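Structural overview
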Amino acid sequence: MAIGPMILNGSEFQSNAISVRESMTSKLQVLSQELRMHRGAVSDREALEILILYVTNHCNMKCEHCFFADNLNDGTTDLPPERAKRIFDSIPRIREEIAITGGEPILHRKLPELVRNIHDAECSRDIQINTNGWYVDRTLEYAKDIKQWNRKRISFQISLDGLEETHDRIRGLEGSFQRAMETAENLKSLSHYSEPGFFTPVFLMVINSQNYREVRPLAEFLFREFGLFLAIELVRGTQFSVWNVPEGMLEDDFNPPSLELPPESEWDSIYEDLRALNREWGYPFRHFATKMKYQFEMLRTQKRVVRCAAPSGVTPVVYANGDVATCEFAKPFANLNEFGDDFSALWNSDRARQNRAALTGCHCTHACFLVPSLRRDLGKNFKLLVDL
Ligand SMILES: C[S@@+](CC[C@H](N)C(=O)[O-])C[C@H]1O[C@@H](n2cnc3c(N)ncnc32)[C@H](O)[C@@H]1O
Ligand code: SF4
Ligand code: SF4
């Protein structure tokens, strides 16, 4: 997704361990990249920015923090590839990325066919497949299949919730970390670094009260082993991460039963550590650091710090059963069945507009929506980047 880290290989990383003078240059490069992205976002208002696509509710894990836990293995049928084709053929433009998620997408029996249908659609841009990394052989088999016809940037995002012991405990399955590493190795062996993003794994860590001390050790480990950066997100729950969603519109309650936010007394040092990592390594964590600063500010003050992009209609969420929502915190408001799987007809309907209009007053810490929101607010984004 647009929030993914810059992808560098080992030798690029060497040159990215930077001096103070180089750091100034890196920062200027970052600012000019952000300016380009800002221009793209505001000049192409009709395009979707990211689309989050749930392809299955099946999962082999039951992670302690999972916001989707109540929907897992609930009997919902996986999204059929032909249906994905109809949906994506009806979308005019996606500017950034399609994030394929679930449940565990690798459990989808026809994942390569489904991904191909999305890849072949006119609107399609980068595709990211989220995975827990457990299914080593099947992921390799799927990736090899995809590699034969792929012409776009496709990456696998592997979840890592800390170093081995912590990760396995949170994920509830011994061996999860080792398997995720094997999956990452396999994907790395398929990637061509001359074409960044092609199978290069992206790692995502969701920070919570049990693992926040392991951000730096995990980031350093991944640099050493893969020459890759770690994406970072903050654990969220409906009771502590979202405010002012109108009555009846908030997703069903999900609050990690035993995994909470890191203690407030640690928030500043978590941010400072991210800031230090950015300076040391050439700003690969800039999106995570800037959004985290605002996430902590929102959590402290419970006030809105940036206007959310989701009600502008740029970040739809499509579930495996065809339900559609304006964002992941809002309940779905329609099903594609009602519109013959024509996404544009649904998205431009009065119901969709009313749903979006009703969500203009809320705020939350959800990163998938915070990053596009910051991108549109050049002043706030630049302020944070310059401070980094
Ligand atoms: C829902 S999972 C689906 C894909 C795959 N099963 C996996 O675990 O990567 C997608 C991402 O959401 C993250 N996630 C789950 N619960 C969360 C929560 N309460 N707050 C923030 N992220 C969460 C997971 O750690 C994972 O990285
Ligand atoms: S593997 Fe992914 S979908 Fe499954 S429980 Fe864990 S976070 Fe949730
Ligand atoms: S993503 Fe945006 S619209 Fe959705 S709950 Fe958060 S602030 Fe509201």
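Above this text you will find the structure in question.
Thresholds applied
- Residues numbered from 1 in each chain as written.
- Chains lettered and ligands numbered in written order.
- Predicted model: local features only at pLDDT ≥ 70, side-chain atom pairs only at ≥ 80, totals over all residues.
- Helix = DSSP H or I, 4+ residues; strand = E, 2+ residues; numbered from the N terminus.
- Rg over C-alpha atoms; globule rule 2.2 N^0.38 Å.
- Buried ≥ 20, exposed ≤ 12 C-beta atoms within 10 Å, placed from the backbone.
- Near = placed C-beta within 6 Å.
- Nonpolar A, V, L, I, M, F, W, Y, C, P; charged D, E, K, R; others polar.
- Right-handed = clockwise from strand over helix to strand, strands pointing away.
- Expected span 1.5 Å × (residues − 1).
- Contact = placed C-beta atoms within 7 Å.
- Pairing = 2+ DSSP bridges.
- Core = buried A, V, L, I, M, F, W, Y, C linked by C-beta atoms within 7 Å.

It is worth spelling out the overall build of the chain at this point. On a plain count of helices and strands, the chain comes out with 14 helices and 11 strands. For 388 residues, the compact-globule formula gives about 21 Å, and the C-alpha radius of gyration of the chain, at 20 Å, lands near that figure. Judged by the C-alpha coordinates and their principal axes, the chain covers about 55 × 45 × 40 Å. Buried residues in the chain amount to 47% of all 388 residues.

This part is about the site of ligand 2. Taken together, Cys 59, Met 61, Lys 62, Cys 63, Cys 66, Phe 68, Gly 102, Gly 103, Glu 104 and Asn 132 make up the full set of residues adjacent to ligand 2. Considering only residue class, the shell around ligand 2 consists of 5 nonpolar, 3 polar and 2 charged.

Summarising burial for strand S6 (residues 230-234): 5 of the 5 residues are buried, a large majority. Burial along S6 is two-sided: Leu 230, Ile 232 and Leu 234 facing one way and Ala 231 and Glu 233 facing the other are all buried. The β-α-β motif built from strand S5 (residues 202-207), the intervening helix H8 (residues 215-226) and the parallel element S6 has right-handed crossover chirality.

Before going further, it helps to examine helix H7 (residues 176-190). In a regular helix each residue adds 1.5 Å, so 15 residues correspond to 21 Å; H7 covers 21 Å between its end C-alpha atoms and thus fits that length. Regarding H7, the residues found buried are Ser 176, Phe 177, Ala 180, Met 181, Thr 183, Ala 184, Asn 186 and Leu 187. The elements touched by buried residues of H7 are helix H5 (136-149), strand S4 (154-159), helix H6 (164-171) and H8.

Let us look at the sheet that holds strand S9 (residues 323-325). An order of S6-S5-S4-S3-S2-S1-S8-S9-S10 is seen for the 9 strands of this open sheet, with the pairing classed as mixed. The sheet terminates laterally at S6 and strand S10 (334-335), the two strands that pair on one side only. The sheet contact formed by S5 and S6 spans 5 bridges and is parallel. Paired with Leu 204 across the bridge in S6 is Ala 231.

With respect to spatial proximity, 19 residues lie near ligand 1, and among them Phe 67, Asn 130, Asn 132, Ser 159 and Arg 236 are the closest. Elements with a minimum of two residues in the shell around ligand 1: strand S2 (94-102), strand S3 (126-131) and S5. Looking at the shell around ligand 1 residue by residue, the classes come out as 8 nonpolar, 8 polar and 3 charged.

Before going further, it helps to spend a moment on the nonpolar core. Ranked by internal contacts, the top residues of the largest apolar core, which has 106 residues, are Leu 53, Phe 203, Met 205 and Leu 230. Among the elements that take part in this core, strand S1 (residues 48-56) stands out by supplying 7 residues, more than any other. With residues up to four places along the chain from it excluded, the contact list for Leu 53 reads Ile 98, Ala 99, Ile 100, Thr 101 and Val 318.

Further remarks concern the pairing of S4. Residues in a regular strand project their side chains so that they alternate between the two faces of the sheet. Most of S4 sits inside the fold, with 5 of its 6 residues counted as buried. Judged from the 5 bridges that link them, S3 and S4 form a sheet pairing that is parallel. Considered in S4, the bridge of Thr 131 is made with Ile 158. The parallel pair S3 and S4, bridged by H5, forms a crossover whose chirality is right-handed. In this sheet, S5 lies alongside S4 in parallel orientation, the contact comprising 3 bridges. By the bridge assignment, Ser 159 is partnered in S5 with Leu 204.

Of note, Asn 73 is a non-glycine position whose phi angle comes to about 50°, a positive value. On the secondary structure map, Asn 73 appears in the loop between S1 and helix H3 (81-89). Phi at Asp 341 takes a positive value of approximately 60°, unusual for a residue other than glycine. Counting through the fold element by element, Asp 341 comes out in the loop between S10 and helix H11 (343-347).

Positionally, Ser 373 belongs in helix H13 (residues 367-376). Residue classification places Ser 373 among the buried residues on the basis of 25 C-beta atoms within 10 Å. Placed 65 residues apart in sequence, Ser 373 and Cys 308 show a C-alpha to C-alpha distance of 5.1 Å. In this structure, Ser 373 is in contact with Val 306, Arg 307, Cys 308 and Ala 309, ignoring residues within four places of it in sequence.

What follows deals with the environment of Leu 299. Within the secondary structure, Leu 299 sits in helix H10 (residues 286-301). For the pair Leu 299 and Glu 97, spaced 202 residues apart in sequence, the C-alpha to C-alpha distance is 28 Å. Excluding residues within four positions of it along the chain, Leu 299 makes contact with Leu 261 and Thr 365.

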